[in-house]
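# An overview of the molecular structure
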Amino acid sequence: MRRRGKNITKYCYRENVQRVDSGGATNRTDNTQNDDDEKILLERRKKNLVKYEALPEYLKDNEYIRDYYRCEWPLKDIVLSLFSWHNETLNIWTHLGGFVIFVTLMIMSLMEKTTMENLFANIFRRTSNGEWMNIKNNGSAESFSDSYARQITNPSFLDINGDGYEVAIWPWFVFLGGAMSCLISSTLSHLFACHSLRYNLFFWRLDYAGIALMIVCSFFCPIYYIFCDQPYWCIFYLSTITLFGILAIITLLSPALFSGRFRSFRVTLFLAMGFSGLIPATHALSLNYGHPQVLVALSYEIIMGVLYAIGAVFYMTRFPERCKPGAFDLVGHSHQIFHVLVVAAALAHCVASLVIMDWRRGWPTALR
Ligand SMILES: [Zn+2]
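Residues numbered from 1 in each chain as written. Predicted model: local features only at pLDDT ≥ 70, side-chain atom pairs only at ≥ 80, totals over all residues.

As named in an unreviewed UniProt entry, the chain is Heptahelical transmembrane protein 2, taken from Capsicum annuum.

## Some details on the UniProt feature "transmembrane region" (unreviewed entry) in the chain
According to UniProt, the feature "transmembrane region" (unreviewed entry) maps to residues 90-111, 169-194, 206-227, 233-253, 265-285, 297-316 and 337-357 in the numbering used here. Annotated as residues 90-111, this span is 95% helix and 0% strand, and its ends, taken at the C-alpha atoms, are 31 Å apart. Secondary structure across residues 206-227 comprises 95% helix and 0% strand; the distance between its end C-alpha atoms is 32 Å. (UniProt positions renumbered as here; feature names shortened; annotations may be inferred. Helix = DSSP H or I, 4+ residues; strand = E, 2+ residues; numbered from the N terminus.)

## Describing helix α10 (residues 263-275)
Helix length check: α10, at 13 residues, gives a terminal C-alpha distance of 18 Å against a target of 18 Å (1.5 Å per residue), a fit within 8%. On the buried face of α10, the contacting elements are α8 (197-226), α9 (231-252) and α12 (292-317). (Expected span 1.5 Å × (residues − 1). Contact = placed C-beta atoms within 7 Å.)

## Side note on unusual backbone geometry
Residue P320 is reached from F319 by a cis peptide bond, and omega for that bond is 15°. With respect to the helices and strands, the residue P320 is situated in the loop between α12 and α13 (334-361). In the Ramachandran plot, E72 falls in the positive-phi region, its phi being about 55° despite a non-glycine side chain. Note that E72 resides in the loop between α2 (31-44) and α3 (75-80). If you check the backbone angles, R318 has positive phi at about 55° while not being a glycine. Relative to the elements of secondary structure, R318 occurs in the loop between α12 and α13. Note on R318: 21 C-beta atoms within 10 Å, which makes it buried. (Buried ≥ 20, exposed ≤ 12 C-beta atoms within 10 Å, placed from the backbone.)

## Quick notes on the packing of helix α7 (residues 170-192) against α8
Contact pair α7 / α8: the axes reach a minimum separation of 7 Å and the direction vectors enclose 160°. In terms of their interaxial angle, α7 and α8 are classed as roughly antiparallel. Relative to α8, α7 is oriented so that their crossing is left-handed. Of the residues contributing to the contact of α7 with α8, the split by class is 21 nonpolar, eight polar and one charged. (Axes fitted to C-alpha atoms, helices over the stretch in contact; angles between N-to-C directions. Parallel < 35°, antiparallel > 145°, perpendicular 65-115°, else oblique. Left-handed = near helix turned anticlockwise from the far one by under 90°. Nonpolar A, V, L, I, M, F, W, Y, C, P; charged D, E, K, R; others polar.)

## Notes on the environment of L110
Relative to the helices and strands, L110 resides in helix α4 (residues 89-110). As a C-alpha pair, L110 and F173 span 63 residues in sequence and 9.6 Å in three-dimensional space.

## Some remarks on the nonpolar core
Counting residues in hydrophobic clusters, the biggest one holds 62 residues, and the most contacted among them are A179, A212, V355 and I356. Elements with a contribution of two residues or more to this core: α4, α7, α8, α9, α10, α11 (278-287), α12 and α13. Ranked by the residues each element gives to this core, the list is headed by α13, at 17 residues. For V355, the residues in contact, after removing those within four places along its chain, are Q293, V296, A297 and Y300. Of all hydrophobic cores here, the second largest spans 16 residues; its members include Y58, Y69, L191 and L197. (Core = buried A, V, L, I, M, F, W, Y, C linked by C-beta atoms within 7 Å.)

## Looking at the UniProt feature "binding site: Zn(2+)" (unreviewed entry) in the chain
The UniProt record marks H190, H335 and H339 with the feature "binding site: Zn(2+)" (unreviewed entry), using the residue numbering of this structure. Spanning 150 residues, the named residues form one tight spatial group whose C-alpha atoms are at most 11.3 Å apart. Mapped onto the elements of the fold, H190 is located in helix α7. Sequence-distant contacts of H190, that is, excluding residues within four places in its chain, are made with E88, N91 and I92. Mapped onto the elements of the fold, H339 is located in helix α13. In contact with H339, other than residues within four places in its own chain, are N91, T94 and H95.

## A look at α9
Each turn of an α-helix holds 3.6 residues, which means side chains three or four residues apart point in the same direction. The terminal C-alpha atoms of α9, which comprises 22 residues, lie 31 Å apart, in line with the 32 Å expected from a rise of 1.5 Å per residue. All of the buried residues in α9 are Y237, I241, G245, A248 and L252. Along the axis of α9, the buried positions cluster into a sector of 65°, meaning they face one direction only. Across α9 from its buried face, at more than 90 degrees, point the exposed residues P231, Y232, I235, S239, L243 and I250. On its buried face, α9 is in contact with α8, α10 and α11. (Arc of directions from axis to C-beta.)

## Comments concerning the packing of α8 against α9
The geometry of a pair of packed helices is captured by two quantities: the angle between their axes and the separation between those axes. The interhelical angle for the contact between α8 and α9, taken along N-to-C directions, is 175°, at an axis separation of 9 Å. With respect to α9, the axis of α8 lies roughly antiparallel. In this structure, α8 contributes R205, Y208, A209, A212, L213, I215, V216, F219, F220, I223 and Y224 to the contact, and α9 contributes C234, Y237, L238, I241, T242, G245, A248, I249 and L252. For the contact of α8 with α9, the per-class residue count stands at 17 nonpolar, two polar and one charged.

## A closer look at the environment of F338
Tracing the sequence through the fold places F338 in helix α13. With 21 C-beta atoms packed within 10 Å, F338 lands in the buried category.

## A short note on the environment of L213
Structurally, L213 can be placed in helix α8. Here L213 falls in the buried class, since 20 other C-beta atoms lie within 10 Å of it. Spatially, the C-alpha atoms of L213 and I249 are 8.1 Å apart, while their sequence positions differ by 36 residues.

Listed below in structure tokens is the structure:
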């Protein structure tokens, strides 16, 4: 397995050398040059962290991060690098941590445990300003946060509340699945993309596809619960964003759009997908202006949008490392900040979705 990994590395490195040289239309036939290439290759395999200048072209992405690169390491060493310091360590752990949070939410949703329920209710109490604590769920004795906690811990796909109304919970699982897919794809990409050109191409495409998938899946919860009594609008909005997402994934998988030159294009595409949600959000507001929970949910969605937008600015401007190249190689560079903001935005959407679900549970119309 290891030998095979090395062969792939060697193959990819050579492939890269040829790709770089192809602009000058020269073929490497000189034995001395081949020996030099072998020396560089062996040096990179030594588990040493290397400087930006020592990287092959396909790993040169951010010139303001000057050092601590893993470069074409064997797979075993890459896996072990999860627990060592390099310039991707915090990029990996920020999204791995986010993945663990969403796995926990999924488990809590599938298992009915009183302790978890109380825990989640307490979390909500701390994050709420208290004003909404007094909102009753359709006249029941439960507080808003208690019914909200009950929503997340309900194990069934069809929940029947105290008044006998059925509320489908599958859109919530669609959202959790999308978030988990995005975060684990990102984690694996940051871990393994340094292995070889082939891995690099595969994992970064996986990362982009994961982001597009999470954006699409994020739409399901709010749109389904808000427009469930208007099925044509529900189907229209969900099918439109799904189609948009499929086209985005196809576009992002195109090799022509893979290079760093299209960084802004990719970000613009993701932002366009996300902010297309303003259309159904405006529609929802016009239909349900008098419902406080809808306003609360929209507030959380606005927070989510702001967090994503700030994250995109960090991602594109490469601030702060561009101000002092080399100073933020390990901690504090733009991509780490972007990752933290992505997780925070996903959690804001999580709260918005639960508020909308809770609101719909109190409605006299049932979700079928
Ligand atoms: Zn990332």
